Amino acid sequence: VIKYLTNLHDLSSLFLDINQPKKAMKFAEESFSMATSLFRENKLDAIYHVRSLNNLGTVYEHMDNFKEAIKYYEDAKELSEFYYKKEQKSWKEDYVVSLSNLATLYYKTDEISSAINIAKEILDYTKLHKEDSISFTKHYLVALNNLAIFYNELSKNDDAIKHAEKALEIIE
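Treat the numbers as computed from the prediction; the structure is a model and nothing was measured.

Novice: Is there a simple way to think about the environment of K108 in this case?
Specialist: Along the chain, K108 falls in helix α5 (residues 88–108). Apart from the residues within four sequence positions on either side, K108 is in contact with E61 and F66.

Printed below as a string of structure tokens:
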């Protein structure tokens, strides 16, 4: 079952990569439906349900249906946050991915202050875990870069420069 869900997710991502969002949606919806059903029956770990929520949100985002995308991203964030607080280790990555998806989409929809708040949350969170893996260092750098972009959008140049320079320090 897990392999099948993973394949559905991968197919959805593949069709997004080749700019065929309607085909991507077909696989994202099937993955979501299956993961939701199995999760509710306690036959599947919640992490796959969160991934299907994020996947569906991503497809909606690519289709410029931001209202639906935010709904799925927020559900993924809430569920991953709940499980992260219970079982930290296995949920770290999925939690930060859910936050990143939301921050990016809030920026796209001109909700800059919400994007900044979430990016700060990502920064604080990844700062705690950046030694755990290269993935968290990457998320930390992306959060710094996003904050620079978000602050620049608000013409808060000092804050934008501060975050961009901090990202450059880490890269060098």
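Novice: What should I look at first to understand the packing of helix α6 (residues 112–129) against helix α7 (residues 134–153) in this one?
Specialist: Each pair of packed helices gets described by two things: the angle between the helix axes and the distance between those axes. At a minimum axis separation of 9 Å, α6 and α7 run at an interaxial angle of 155°. Considering their axes alone, α6 and α7 lie roughly antiparallel with respect to each other. Once α6 is placed against α7, the crossing between them reads as left-handed. Facing I112, A115, I116, A119, K120, I122, L123, Y125, T126, K127 and H129 of α6, the residues of α7 in contact are F136, H139, Y140, A143, L144, L147, F150, Y151 and E153. For the contact of α6 with α7, the per-class residue count stands at 14 nonpolar, 3 polar and 3 charged.

Novice: It is not clear to me how the packing of aromatic side chains should be interpreted in this structure. Could you clarify?
Specialist: For any pair of aromatic rings, geometry is given as the distance between the ring centres together with the angle between the planes. All chains considered together, the criterion is met by 6 aromatic pairs. Consider the rings of F32 and Y72, whose centres lie 5.6 Å apart with planes at 85°: the pair is edge-to-face. Highlighted residues: F32 in helix α2 (residues 21–40) and Y72 in helix α4 (residues 66–86), separated in sequence by 40 residues. Residue classification places Y72 among the buried positions, given a relative accessible area of 10%. A network of ring pairs unites the aromatic residues F32, Y60 and Y72 as a single cluster.

Novice: Sorry if this is basic, but what is going on with the nonpolar core here?
Specialist: As a rule of thumb, soluble globular proteins bury nonpolar side chains together. W91, I118 and I122 are the most contacted members of the largest nonpolar core, which has 50 residues in total. Counting residues per element, the ones that place at least two in this core are α1 (2–17), α2, α3 (46–62), α4, α5, α6, α7 and α8 (157–171). Excluding residues that lie within four positions of it along the chain, W91 makes contacts with D45, A46, I47, V50, S80, Y83, Y84 and Y125.

Novice: Quick question: what am I supposed to make of the packing of α3 against α4 here?
Specialist: In the contact formed by α3 and α4, the axes pass within 8 Å of each other and the chain directions differ by 160°. Comparing their axes, α4 and α3 come out roughly antiparallel. Viewed along their axes, α3 and α4 form a crossing whose handedness is left-handed. Here A46, H49, V50, L53, N54, L56, G57, T58, Y60 and E61 of α3 lie close against α4, whose contacting residues are F66, E68, A69, Y72, Y73, D75, A76, L79, S80 and Y83. Looking at the contact of α3 with α4 residue by residue, the classes come out as 12 nonpolar, 5 polar and 3 charged.

Novice: Please clarify how the side chain of S80 should be interpreted in this entry.
Specialist: With respect to the helices and strands, the residue S80 is situated in helix α4. Look past the residues within four positions of S80 in its chain and what remains in contact with it is V50, W91, D94, Y95 and S98.

Novice: Looking at this model, I keep getting lost on the environment of K85. Mind explaining?
Specialist: The topology assignment puts K85 in helix α4. Residue class for K85 comes out exposed when judged on its relative accessible area of 62%. In this structure, the C-alpha to C-alpha distance between K85 and E61, residues 24 residues apart in sequence, is 27 Å.

Novice: Hey, could you run me through a positive patch on the surface in this one?
Specialist: A cluster of like positive charges, contributed by K120, K127, K156, K162 and K166, occupies part of the molecular surface. Mapped by element, the contributors of at least two residues to the positive patch are α6 and α8. Secondary-structure assignment places K166 in helix α8. The partly exposed category is assigned to K166, whose relative accessible area is 36%.

Novice: I keep staring at the pattern of salt bridges and nothing clicks. Help me out?
Specialist: Proximity of charged atoms lets side chains of opposite charge pair with each other. In the structure shown here, the tally under the stated rule is 4 salt bridges. The partner of K71 in a salt bridge is E68, and the shortest N-O contact between them spans 3.4 Å. One end of the pair, K71, and the other, E68, are both in helix α4, 3 residues apart, so they sit about a helical turn from each other. According to the relative accessible area criterion, K71 is partly exposed, its value standing at 38%. For the salt bridge of K77 with E81, the shortest nitrogen-to-oxygen distance reads 3.4 Å. Linking K77 with E81, this pair stays in helix α4, spanning 4 residues, or about one helical turn. Exposure class is identical for K77 and E81. Each is buried.

The rules behind the values
Residues numbered from 1 in each chain as written. Predicted model: local features only at pLDDT ≥ 70, side-chain atom pairs only at ≥ 80, totals over all residues. Heavy atoms only, no water. Helix = DSSP H or I, 4+ residues; strand = E, 2+ residues; numbered from the N terminus. Contact = heavy atoms within 4.5 Å. Axes fitted to C-alpha atoms, helices over the stretch in contact; angles between N-to-C directions. Parallel < 35°, antiparallel > 145°, perpendicular 65-115°, else oblique. Left-handed = near helix turned anticlockwise from the far one by under 90°. Nonpolar A, V, L, I, M, F, W, Y, C, P; charged D, E, K, R; others polar. Phe/Tyr/Trp six-rings, centres within 6.5 Å; stacked < 30°, edge-to-face > 60°. Buried < 20%, exposed > 50% of the residue type's maximum accessible area, 1.4 Å probe, protein only. Core = buried A, V, L, I, M, F, W, Y, C linked by side-chain atoms within 4.5 Å. Patch = residues over 30% accessible without salt bridge, like charges linked within 9 Å, V, L, I, M, F, W, Y side chains within 5 Å. Areas by Shrake-Rupley, 256 points an atom, 1.4 Å probe, with all protein chains shown as cover. Salt bridge = Lys/Arg side-chain N within 4 Å of Asp/Glu carboxyl O. Lys, Arg positive; Asp, Glu negative; His and termini not counted. Charge placed at Lys NZ, Arg CZ, Asp CG, Glu CD.

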